[in-house]
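Observations on the model geometry
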Amino acid sequence: MSRFTVGERDFLLDGAPFRVLSGAIHYFRVHPGHWRDRIRKARLMGLNTVETYIPWNLHEPRPGQWSATGALDLDRFLRTIADEGMRAIVRPGPYICAEFTNGGLPTWLFTDATVGVRRNERRFMRAIGDYLARVMEVVVPLQIDAGGPVVLVQVENEYGAYGDDADYLDALTGMLRGAGVTVPLTTVDQPQPHMLHKGSRPGLHRTASFGSRAPERLRTLRTHQPTGPLMSSEYWDGWFDSWGLYHHTTSAEESADDLDALLATGASVNLYMFHGGTNFGLTNGANDKGIYQPIATTYDYDAPLDEAGRPTAKYWAYRKVLSKYTPLPDETPEATAGAAPTGEVALAAVGSFPELAFATMPVTTTDTVPTFAETRDDAAYVLHRARLRHVTASVLTVGEVRDRVHVVVDGHCVGVLRREDRARALTLPPVDRELLLVVEDQGRVNYGPRLGEDKGVIGGIRIDGSLVTGWETVALTAPDVIALPRADTPARSHSIPALTLAAGAFEAEDARDRFLDVSSLGKGVAWVNGFCLGRYWSRGPQRTLYVPGPVLLPNSRNTLVVLELDTATSAVVRFSPDLDLGPVED
């Protein structure tokens, strides 16, 4: 057994200096069939450690319902790291940010608005205690002093940017130590004095997060961490993308030069990200600093490995830098892969989304429109229906929209209320039978004071100032949507109307990864063989959805299903030979 400790100036592995050369790979953003490949490529680039966050909201989607299999098999992921001869850093939060929905915190924590977020509040801490106990059942036996790969465990995440509750950090530390964590505990904050001061406690080793000017940032860190190894445990080598903005890239040469400057100081590093992966399902987060901006499905991050796990120019530039500081393996990964398979899928409408939802899902009745927390906190879509008779042309108003609402009158979509526009009013045509609202959660805020906020139509629905009452409501998660019954004889057309489920079949000649070109679609979600690829949106920058090869059935019939919320200009979609993360549409 080995021992990993914090020395006067270095990390020490069995008493000898050890520089952590780490790269972030989030197991929950990579298909399990690709875990070994991505970890191996990290080792071949010259890294000796892999870091990962742990998403509480995926592992415990409902209170007491723990999930740790398949894509959430943390034990298997950490053992795969060990099999490749690598070390591991575990960051269990409980808050992780990570541009992940709700910062990794379960939505059920916040159905009671009085529960304290990221502070030493009794109910919040009780839930955290149960969560950390479950995670540490996996992590503790895999620490390095038990023969496993884990060398560091992080407490919270950039807490200095959020709060200053020292009792909260002390309580988290006590929970981890009490669960059997013996390796060093760390914190991370941006290298700003007030953040470094508020975000850590005695006995926790401070590290920093930044993406440039490494020597300067490390000097700031040293003033707050006077002894022990310097470390950038989040060296931002790229950035994430948001819908409606451009695809972020950074110069491989300039980034490598700054990495070289960082390593020349003797510091340790964790590349954020080494491989970003994908926000599969509906797991993307959002930012709201005055304007709500949901994050894209791709988490490519302009990282050394692209979204499909292929080495980029940044990979080779970093490998050259790392060769100055550590011996490299003789083996190298393939510089390029063969062209991805192409082909097309003809989609056909298999049902109206609202009609199928109300016919299949449990219906609740309320006087006024309920929010998500009042209906189903983890829903992706909540649909509200009111029976109205002979309402003349009028104006519909709402209190607040979180995040997008299709307004349907007598079966026809008459407009969309969008959170980013701060839209709260819409002119309605005459209503003869029914007013329907389809409310979409586009991703929960993952950073800042709006963490944990409720979703839905906030403040009720009014027509010409009068409150509309008498609502029927259904709530659906992404698995609920794909489980909706689909017509045996689909209706073929050249386009796909709004709020429609559509499906098509295709043959896959092999199980290689490929990319679904969604540029002909409007806005919605896509599934291949029941596996949720994530959201698409014509506003860009993302034009393709990554399809992991392991979800395909080679030489067999495969099924593509889409939920089209807006309108698709073509019912034919194609597989593309490459990722397309191009500029946003004009």
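The preceding data block contains the structure.
None of these values were measured; they are calculated from a predicted model.

Cut-offs and rules
- Residues numbered from 1 in each chain as written.
- Predicted model: local features only at pLDDT ≥ 70, side-chain atom pairs only at ≥ 80, totals over all residues.
- Heavy atoms only, no water.
- Pairing = 2+ DSSP bridges.
- Helix = DSSP H or I, 4+ residues; strand = E, 2+ residues; numbered from the N terminus.
- Buried < 20%, exposed > 50% of the residue type's maximum accessible area, 1.4 Å probe, protein only.
- Polar contact = N/O pair within 3.5 Å; in protein donor to acceptor, adjacent residues only side chain to side chain.
- Core = buried A, V, L, I, M, F, W, Y, C linked by side-chain atoms within 4.5 Å.
- Contact = heavy atoms within 4.5 Å.
- Axes fitted to C-alpha atoms, helices over the stretch in contact; angles between N-to-C directions.

So, on to the sheet that holds strand S23 (residues 456-463). To summarise the sheet geometry, strands pair through backbone hydrogen bonds and adopt either a parallel or an antiparallel arrangement. Ordered in space as S21-S18-S23-S24, the 4 strands form an open sheet in which the pairing is antiparallel. At either margin of the open sheet sits one strand with a lone partner, and together these are strand S21 (425-428) and strand S24 (466-467). Taken together, the 4 bridges between strand S18 (residues 394-402) and S21 define a ladder with antiparallel strand orientation. Paired with Leu-396 across the strands is Leu-426, a residue of S21.

Looking now at the environment of Glu-374. Here Glu-374 is to be found in helix H11 (residues 372-375). Judged by its relative accessible area of 58%, Glu-374 is exposed. Sequence separation between Glu-374 and Phe-4 is 370 residues; the distance between their C-alpha atoms is 48 Å. At 2.8 Å, the side chain of Glu-374 and the backbone nitrogen of Thr-371 are in polar contact.

Bringing the nonpolar core into the picture now. Burial of nonpolar side chains together is a common tendency in soluble globular proteins. Ranked by size, the top nonpolar core spans 98 residues in total, and within it Phe-4, Leu-47, Phe-77, Leu-78, Val-139, Leu-262 and Tyr-272 carry the most contacts. In terms of residues, this core owes the most to one element, helix H4 (residues 122-139), which gives 9 residues. Residues within four places of Phe-4 in sequence aside, it is in contact with Phe-11, Leu-12, Leu-13, Phe-18, Val-20, Ile-144, Val-151, Leu-152 and Pro-184. Ranked by size, the runner-up nonpolar core spans 28 residues in total, among them Ala-380, Tyr-381, Val-408 and Leu-563.

Next up on the list: the sheet that holds strand S10 (residues 231-236). Read once around its circumference, the closed barrel built from 8 strands follows the order S4-S5-S6-S7-S8-S9-S10-S11, with strand pairing classed as parallel. Pairs of neighbouring strands in the sheet enclose a mean axial angle of 30°, with direction left out of account. Bridge count between S10 and strand S11 (residues 268-275): 4 bridges; the pairing is parallel. Bridge pairing in S11 links Met-231 to Ser-268. Where helix H1 (residues 35-45) meets the sheet, it contacts strand S4 (21-25), strand S5 (49-53) and S11, and its direction lies at approximately 135° from that of S11. Against the sheet, helix H7 (residues 214-224) contacts strand S9 (205-210) and S10, and its axis sits at roughly 155° relative to S9.

No statement about biological role is implied by the geometric values presented.
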